[in-house]
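# Breakdown of the fold
Residues per chain, in single letters:
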Amino acid sequence: HSHIQDAGHEEEITTRNGVEIHRLAHSRIPKHTKIGRLRNLISFTMAVRKWLKQDQRSGSAAGDVWVCETDPFFLPLVVGPAARRRGVKLVYYLQ
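Structural notes, computed from the coordinates. Every value quoted in this text rests on a predicted model; they were computed, and no experiment measured them.

Helix and strand counts for the chain stand at two helices and five strands. A buried classification covers 29% of the 95 residues belonging to the chain. Here the contacts in the chain between residues at least 6 apart in sequence split such that 37% fall between residues at least 24 apart.

Now for the side chain of Thr45. Along the chain, the position of Thr45 falls in helix α1 (residues 34–58). Under the relative-accessibility criterion, Thr45 is labelled buried at 4%. Polar contacts involving the side chain of Thr45 include one to the main-chain carbonyl oxygen of Leu41, which spans 2.8 Å. Those residues in contact with Thr45 that sit more than four places away from it in its chain are Pro72, Phe74, Leu75 and Val78.

On to the pairing of strand β5 (residues 89–93), then. Examined bridge by bridge, strand β4 (residues 65–69) and β5 share five bridges and lie parallel to one another. Bridge pairing in β5 links Trp66 to Leu90. In this fold, β4 hands off to helix α2 (residues 75–86), which returns the chain to β5; that crossover is right-handed.

It is worth spelling out the pairing of strand β2 (residues 12–16) at this point. Regular strands show a simple pattern: their side chains alternate between the two faces of the sheet. Of all five residues that make up β2, zero are buried, and the element is exposed over most of its length. Where β2 lies against strand β3 (residues 19–25), five bridges are found, and the strand directions are antiparallel. When the sheet's bridge partners are listed, Arg16 is paired in β3 with Val19. Connecting β2 to the next strand, β3, in antiparallel fashion are two residues, including Asn17 with a positive phi near 50°.

How each quantity is defined
- Once a new chain begins, its residue numbering starts again from 1 and follows that chain's sequence as written.
- Two thresholds apply to this predicted model, a pLDDT of at least 70 for residue-level local features and 80 or more for giving and counting side-chain atom pairs, whereas whole-chain, interface and lining totals are computed over all residues.
- For the side-chain quantities, the full set of heavy atoms in the structure was used; hydrogens and water were omitted.
- The way it works is that DSSP assigns letters per residue, a run of H or I at least four long becomes a helix, a run of E at least two long becomes a strand, and they are numbered from the N terminus.
- Only protein chains enter the accessibility calculation, which uses a 1.4 Å probe; a residue whose area is less than 20% of its type maximum is buried, one above 50% is exposed, and one in between is partly exposed.
- By definition, residues are in contact when any of their heavy atoms lie within 4.5 Å.
- Whenever a nitrogen or oxygen atom comes within 3.5 Å of another N or O atom, the pair is scored as a polar contact, on the condition that within protein one atom can donate a hydrogen and the other can accept it, and that pairs from neighbouring residues in sequence are kept only if both atoms are in side chains.
- Paired strands are those between which DSSP finds at least two bridges.
- When the strands point away from the viewer and the path from the first strand over the helix to the second turns clockwise, the crossover is right-handed.

Set out below in structure tokens:
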């Protein structure tokens, strides 16, 4: 099982209760402006997209079920097609 999480600037992989957690690096611009928030959203979404493409080649992102948070709101647009291509079930988690 894999889980992707916001890490800020450093990528990190840990395991908890049998779930592999991937914390992906992305921009961390202060969120006090709309532009800063948007840049962070896009940066994290692109980091997930890159991770999914790299992991597709290695096959290590496959699993029976993926859980995708809807924050950032772009994330389901990236994760949904990747899950369909791999034939895994996808659950959307609303925050």
